[in-house]
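Given next are the chains, with one letter for each unit.
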Amino acid sequence: MTGKIVIVMLLLSSVLAGAGLYYLQVYHYYEEVNVTAAEIELTSVSTGTPEAILAENIEAIDADSSPIRFRACFTTPMSQALLTETYVLRDDAVPLTAPDWFGCFDAQAIGDALADGTALAFTGQENIAYGVDRIVAIFDDGRGYVWHQINNCGQKAYDGTASGPECPSRESFESN
């Protein structure tokens with residue numbers, strides 16, 4: 001009888017721990033954030049600095065627990081032709097999934113659109129956090145999506161390989 005009680009207690013504690021971890025990852029750390037149109041930026045080809053673009057209907061979520069948890073959805077009246085002439089394109093964009101409850105952001109659909117050319121990816125801002133870039137994808141119908149993605153320097157910093165001279169030191173980056 002004692003063995004059955006121990007097994008039931010172990011199973012019950014495992015289920016509770018799993019449910020708690022799921023809740024923390026999907027709901028607890030994320031919060032809706034107020035992002036203004038001025039914060040939707042793309043990096044200019046001519047200046048190399050981020051510039052605000054026209055953006056409306058912005059919805060965004062973020063979490064303090066990780067620099068790559070930011071996601072946003074918006075619309076823009078700007079055409080892809082204008083955007084490609086003015087802003088830096090990004091060819092290594094891979095949208096990260098968002099919690100199911102953040103319904104406007106579908107990473108699979110965004111990735112498919114990037115692959116078939118109905119959406120284009122741009123650099124929003126390099127090193128928005130150490131080793132993390134902000135990526136913006138814009139569909140041909142004006143829908144836009146934003147996420148943070150680990151860049152080459154971030155990959156090296158997190159996997160332990162030498163970062164090299166092209167990457168800022170973490171200490172100098174964090175002091176700015």
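Everything discussed here concerns the structure shown above.
Heads up: these notes are all about the structure in this document. (Residues numbered from 1 in each chain as written. Predicted model: local features only at pLDDT ≥ 70, side-chain atom pairs only at ≥ 80, totals over all residues. Heavy atoms only, no water.)

A few words on the state of the cysteines. In this structure the tally under the stated criterion is 1 disulfide. Between the sulfur atoms of C73 and its disulfide partner C104 the distance amounts to 2.1 Å. Sign of the S-S torsion, about 85° for the bond between C73 and C104, identifies this disulfide as right-handed. Of the two residues, C73 sits in strand β5 (residues 71-75) while C104 sits in the loop between α2 (80-86) and α3 (107-116), which places them 31 residues apart along the sequence. Since its relative accessible area comes to 5%, C73 is described here as buried. (Disulfide = S-S within 2.5 Å. Helix = DSSP H or I, 4+ residues; strand = E, 2+ residues; numbered from the N terminus. Buried < 20%, exposed > 50% of the residue type's maximum accessible area, 1.4 Å probe, protein only.)

The next subject is α3. When we look at burial in α3, the residues that qualify are A107, I110, A113 and L114. Here the buried residues of α3 occupy an arc of 130° about the axis, which is enough to place them on one side. When the buried face of α3 is taken as reference, the exposed residues oriented beyond 90 degrees from it are Q108, A115 and D116. Buried residues along α3 sit in contact with β6 (119-129), β7 (132-139) and β8 (143-150). Structurally, the start of α3 carries an N-cap: the backbone nitrogen of Q108 is 3.2 Å from a side-chain oxygen of D106. Just past α3, the residue G117 takes up positive phi, approximately 90°. (Arc of directions from axis to C-beta. Contact = heavy atoms within 4.5 Å. Polar contact = N/O pair within 3.5 Å; in protein donor to acceptor, adjacent residues only side chain to side chain.)

Moving on to a negative patch on the surface. A cluster of acidic residues, D106, D112, D116 and D140, forms a negative patch at the surface. Here D116 lies in helix α3. (Patch = residues over 30% accessible without salt bridge, like charges linked within 9 Å, V, L, I, M, F, W, Y side chains within 5 Å. Areas by Shrake-Rupley, 256 points an atom, 1.4 Å probe, with all protein chains shown as cover. Salt bridge = Lys/Arg side-chain N within 4 Å of Asp/Glu carboxyl O. Lys, Arg positive; Asp, Glu negative; His and termini not counted. Charge placed at Lys NZ, Arg CZ, Asp CG, Glu CD.)

Within β7, 8 of the 8 residues are buried, which leaves it mostly tucked inside the rest of the structure. Here β7 shows a buried face lined by V132, R134, V136 and I138 and a second buried face lined by D133, I135, A137 and F139. As judged from the 7 bridges shared by β6 and β7, these two strands associate in the antiparallel manner. Looking across to β7, one finds that A121 is bridged to A137. In this structure, the hairpin formed by β6 and β7 is closed by a connection of 2 residues, where G131 is found at a positive phi of approximately 75°. The pairing of β7 with β8 spans 7 bridges and is classified as antiparallel. What sits directly across from R134, in β8, is H148. Counting the residues that bridge the hairpin from β7 to β8 gives 3 residues, and of these G142 lies at a positive phi of roughly 95°. (Pairing = 2+ DSSP bridges.)

Another point: the environment of I128. Along the chain, the position of I128 falls in strand β6. For I128 and Q149, which are 21 residues apart along the polypeptide, the C-alpha to C-alpha distance reads 9.7 Å. I128 has contacts with D133, R134 and H148, leaving out every residue within four places of it along the chain.

Bringing the packing of aromatic side chains into the picture now. Taken as a whole and judged by the stated rule, the model has 4 aromatic pairs. Ring centres of F105 and W147 lie 6.2 Å apart, and the angle between their planes is 80°; on these two criteria the pair is classed as edge-to-face. Taken together, the residues F105 in the loop between α2 and α3 and W147 in strand β8 connect sequence positions 42 residues apart. For the pair formed by F105 and W147, the shared burial category is buried. Taken together, the aromatic side chains of F105, F139, Y145 and W147 make up a single cluster linked through ring pairs. For the cation-ring pair, R71 lies above F105, with the distance from its terminal atom to the ring centre recorded as 5.9 Å. Of note, R143 hangs over the ring of F139, and the distance from its end group to the ring centre comes to 4.1 Å. (Phe/Tyr/Trp six-rings, centres within 6.5 Å; stacked < 30°, edge-to-face > 60°. Lys NZ or Arg CZ within 6 Å of the ring centre and 35° of its normal.)

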